[in-house]
Amino acid sequence: MLILTNCFLFFLLMLVLVLGYVSYPGVRLEIQDKHIVMDNGIVQVTLSNPGGSVTGIQYNGIDNLLEVQNMEFDRGYWDVVWSEAGKNGTKGTLDRLEATNFTVIVQNEEQLELSFTRTWLPSLEGKIPPLSIDKRFIMLRGSSGFYTYAIYEHLKGWPAFNLDNTRIAFKLRKDKFHYMVVADNRQRFMPLPDDRVEGRGQVLAYPEAVLLVDPVEPEFKGEVDDKYQYSCESRNNRVHGWICMDLSVGFWQITPSYEFRSAGPLKQYITSHVGPTILSVFHSTHYTGADLVMKFRAAEEWKKVYGPIFIYLNALSNGESPATLWEDANQQTVYEIERWPYAFPASQDFPSSYQRGKVKGRLLVQDRYVTDGCVPAGGAYVGLAATGDAGSWQREYKGYQFWTITDDKGYFTITDIRAGQYNLYSWVNGFIGDYRCDNVINITSGCEVDVGELVYEPPRDGPTLWEIGIPDRTAAEFCIPDPNPKYINRLYVKHPDRYRQYGLWERYAELYPNEDLVYTIGTSDYKKDWFFAQVNRKIDNNTYQETTWRINFKLDGVNTNGTYKLRLALASVHSAELQVRVNDSEANPPLFTSGVIGKENTIARHGIHGLYWLFSIDVQGTLLVQGNNTFFLKQPRNISPFQGILYDYIRLEGPSSLTSNI
C-alpha cells in the first residue's frame, strides 16, 4: 500500500511538472535585417546580425537589462586580447570577435541554437587574431535565461600569435543594478561608474584602483573601488551577479563546470565589478603573468570549446526578501551542475556524457618522518590535465582539466572526462610539492579507468628541525595588517578575506620603518610576526628599499658531515629574486638565488596566492654552528612597490638519520 501511494504521488508530481512545462510557449525566432530575436515567453534576447553581440535582454517587464546608453556592440559580447608572435608581456589588442555570418543550427518549439561565425583569411593578417570563431547561443523552452558557448580554432599554416585573455562580458543598466553578489560573504551595494571619473574619484597606484572622494551617493565617500578586490578562484567561481532592488530582479552568470578554464582550480579570475559589469573569464594572465600567455606556432592545430555557461534571470514575488534571489541562483547553480555535461548543445565539438570517460582510484601519502607507512590523502585535489611535469597543470591553458576532491579515506572518482591523453596530478594540503602519476591515461568514449592505489611521497630528506607556516599554497595564515584608514573597502572590514583591502603593501614600511622583519624560531608566532608579503620599503621621493628578512634558530648540535635541507614553498612572486644566505648576510655569491622570477602581480591585485613555487636548498653542515644560526632571505629588486614574495611554508630538515651524528 505504501509503495502504491508513493508511486501515485510521484506520478502526480511528474504530471504537474509536465503540465507546467507544456504551459510555457514554444521558443520563437525572429530574424530582422540587423537583429535576431530569441523569445521563449520568459526572456527575450536580441543579438546583432550577423555580429552576434547581445544588444538587448528583455525580462519581467524591463525592456532591456543591458546598458542602453552604451553602443550596441558594448553591451554583451565575447572578446579576446591578442598580439602577434614575438611580442613580450601581457598587453595585447582587444578584439570583440564580431562575426560575419549567421546560421540557425536548431529551431523547434523546444530549443533554438544560433551560430555566429568568423573565419580568418590571409588578407586579415595583423588585423584580427588568426582564429576561426563560432559563437553559439541557446534558448530552451521554459528556461529563465539562455546559454552561450564558443568554439575557437587555429589551423595549421595560420600565423603564429599570442592570446592573453578571452571572456564574455555583460554591461548592465547602471540606473537599475546596484547590489552585487560574488559569494555568501562577499556582497554589497556598489558605487556607480560615475564615481570613478576624474573629480569624483582619485586614481591610486594603478588605474583600476580609485579612491571615491566625491561619489554620487555619499555613503561611498572614502572607500576604494578596485575590480581585483572581487576576484575568485576558479573552483569557487560558479555563480555571481547583480540584483536590481527596485524591481527585485537578479542577473546571474552560472558556470556549471570549469573544465574549459585555464590553469586548474586555484587560478583566480575577475568576476563582477563596478559598471555594473558581469564577466565570465575563460583564460587570463591575472595572478600568473607571462607564464599564461597562450603562444601558438604557425604549424599548430588547435581547437577548444569555451562553455556553455548559463545567463540566469530571476525575480521575486511580492513580500519576498531580495536575499531570496541569491538563494535561488545558488539552487539553480546546483541544478546546472547536476545536468553537466549538457545534452542539448548541437556542436559535435561538445561531447555528451556517454561520449566521455571516468577515472577512479585512491591516493595515499607516505612521509616517513611524519607517519608510519601510508595514510589516506583526505581532502586532496586530484585532477587530469595535459601530459607534463608534476605541477604543470597550473601553467596549462590549451587543453581541458578535470578535478575532484578525495574523500576522508583518499578515494576519488573523476567523471565526464573528454577523450584524450592525460596525466593524473594532485596536491595535498599539509604536504609540500606536487604529485604526478607517471602513467599516461588514455580516455576514450565510455571508458572507465581504475588507477588503483597511488602513493604520493612528498619531498623529504630528513626530520623537521623547524617550520614556519602551513603548506597550503597560500600566505593566508600569516600576518595580514589592518588597512590604512584612508583606503577602506567596508566589505572587508573584519572579513576572512581581509587581505583584499587596498594598499596593504605600504603597511610594511609603517610596521618596519627602519629594520626588517626578524623571526625567531621557538619564540615568534607566524600568525603575528611573519608579514604576509616580503615587499620593498617605501622611502623618500617614492623610491623603494630592498628588504632582507632574518630567521634566527638554535641548533643543539651540528652534523658537519651531513647535508641539511631548506624547503622554501612560495605562494606567489612578482618580478622578484630570492637570495638565501646562512650566518653571513654579505656572502657572495649567496647560498642560493632564484634569479628574477614571476610576473604574477598578486600583491597589487589583493591576492593571497598566485603560482606555486618550491625550492629545495642544500645546506652543508659546515655552514652551521652549534647554538645560534641565521638564514637571511633577501629580495634585492627595488624598482616597484609590487615586487615581492608571498611565502607559503618554510622548513629546515636535518640530515638523514643514517648520517646524522647530532
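Residues numbered from 1 in each chain as written. Predicted model: local features only at pLDDT ≥ 70, side-chain atom pairs only at ≥ 80, totals over all residues. Heavy atoms only, no water.

Description of the environment of D408
Alright, step 1. Position of D408 among the secondary structure elements: in the loop between β27 (402-405) and β28 (411-417).
Alright, step 2. A sequence separation of 192 residues divides D408 from V216, and the C-alpha atoms of the two residues are 52 Å apart.
Alright, step 3. Dropping the residues within four chain positions of it, D408 is found in contact with P376 and G378. (Helix = DSSP H or I, 4+ residues; strand = E, 2+ residues; numbered from the N terminus. Contact = heavy atoms within 4.5 Å.)

Quick notes on the sheet that holds strand β30 (residues 435-443)
Hydrogen bonding along the main chain pairs the strands of a sheet, whether they run parallel or antiparallel.
Alright, step 1. Strand order in the open sheet formed by four strands is β27-β26-β29-β30, and the pairing between neighbours is antiparallel. Two strands lie at the open edges of the sheet, namely β27 and β30, each paired on one side alone. Averaged over all pairs of adjacent strands, the angle between their axes in this sheet comes to 20°, without regard to strand direction.
Alright, step 2. By the bridge criterion, four bridges tie strand β26 (residues 381-385) to β27 in an arrangement that is antiparallel. Bridging from a neighbouring strand, L384 pairs with F402 of β27. (Pairing = 2+ DSSP bridges. Axes fitted to C-alpha atoms, helices over the stretch in contact; angles between N-to-C directions.)

Observations regarding the confidence of the model for the chain
Alright, step 1. With 95% of its residues at a pLDDT of 70 or more, the chain has an overall mean of 94.
Alright, step 2. Taken together, the stretch residues 1-21 has pLDDT below 50 and engages in two contacts with residues farther than four places along the chain or on a different chain.
Alright, step 3. Note that pLDDT drops below 50 for residues 658-662; the model gives that stretch 10 contacts with residues more than four away or on any other chain. (pLDDT = per-residue confidence, 0-100.)

A look at the sheet that holds strand β13 (residues 186-189)
Alright, step 1. Pairing within the open sheet is antiparallel, and its nine strands lie in the order β7-β8-β9-β10-β23-β19-β18-β12-β13. Of all strands in the sheet, those with a lone pairing partner are β7 (101-107) and β13, marking the two edges. Neighbour to neighbour, the strand axes of the sheet diverge by 15° on average, direction disregarded.
Alright, step 2. Two strands pair when backbone bridges link them, and β7 and strand β8 (residues 111-118) are joined in this way by six bridges, in the antiparallel orientation. Residue pairing across strands places F102 opposite F116, the latter belonging to β8.

Looking at the side chain of T333
Alright, step 1. The residue T333 is located in helix α2 (residues 323-339) in this model.
Alright, step 2. Only 2.8 Å separates the side chain of T333 from the backbone oxygen of A329, close enough to count as a polar contact.
Alright, step 3. Once residues lying within four places of it in the same chain are set aside, the contact partners of T333 are R238, V239 and I254. (Polar contact = N/O pair within 3.5 Å; in protein donor to acceptor, adjacent residues only side chain to side chain.)

Observations concerning the UniProt feature "domain: Rhamnogalacturonan lyase" (unreviewed entry) in the chain
Alright, step 1. In this numbering, the UniProt entry assigns the feature "domain: Rhamnogalacturonan lyase" (unreviewed entry) to residues 379-450 and 464-652.
Alright, step 2. Taken end to end, residues 379-450 comprises 0% helix and 50% strand; its first and last C-alpha atoms sit 19 Å apart.
Alright, step 3. Segment residues 464-652 splits into 5% helix and 41% strand. End C-alpha atoms: 6 Å apart. (UniProt positions renumbered as here; feature names shortened; annotations may be inferred.)

Some remarks on unusual backbone geometry
Alright, step 1. In this chain, W340 is followed by P341 through a cis amide linkage whose omega measures -5°.
Alright, step 2. Mapped onto the elements, P341 comes out in the loop between α2 and β24 (357-365).
Alright, step 3. Omega for the peptide link from N588 to P589 comes to 5°, which places this bond in the cis form.
Alright, step 4. Here P589 is to be found in the loop between β38 (563-582) and β39 (592-599).
Alright, step 5. At L97, a position not held by glycine, the phi torsion is positive, near 55°.

So, the nonpolar core
Alright, step 1. In terms of nonpolar packing, the biggest core is built from 103 residues, with I57, Y152, F170, F251, L363 and L424 touching the most fellow members.
Alright, step 2. Examining the composition of this core, we find that eight residues originate from one element, strand β23 (residues 302-315), more than from any other.
Alright, step 3. Not counting the four nearest positions on each side in its chain, I57 is found in contact with V43, Q44, I62, D63, N64, L65, L66, F146, F170, F251 and L313.
Alright, step 4. Grouped together as the second largest cluster of nonpolar side chains are 67 residues, W466, F478, W549 and F553 included. (Core = buried A, V, L, I, M, F, W, Y, C linked by side-chain atoms within 4.5 Å. Buried < 20%, exposed > 50% of the residue type's maximum accessible area, 1.4 Å probe, protein only.)

Considering the pattern of salt bridges
Alright, step 1. Within the structure shown, the criterion is met by 41 salt bridges.
Alright, step 2. Linking E259 and R418 is a salt bridge whose minimum nitrogen-to-oxygen distance equals 3.5 Å. Of the two residues, E259 sits in the loop between β19 (249-254) and β20 (268-269) while R418 sits in the loop between β28 and β29 (420-427), which places them 159 residues apart along the sequence. No difference in accessibility class separates E259 from R418, as the two residues are buried. (Salt bridge = Lys/Arg side-chain N within 4 Å of Asp/Glu carboxyl O.)

A closer look at the pairing of β13
Alright, step 1. Only one face of β13 is buried, namely the one carrying R186 and R188, since none of Q187 and F189 on the opposite face is buried.
Alright, step 2. Judged from the four bridges that link them, strand β12 (residues 179-183) and β13 form a sheet pairing that is antiparallel. Its bridge partner being in β13, V181 is matched across the sheet by Q187.
Alright, step 3. In sequence, β12 turns back onto β13 through a hairpin of two residues.

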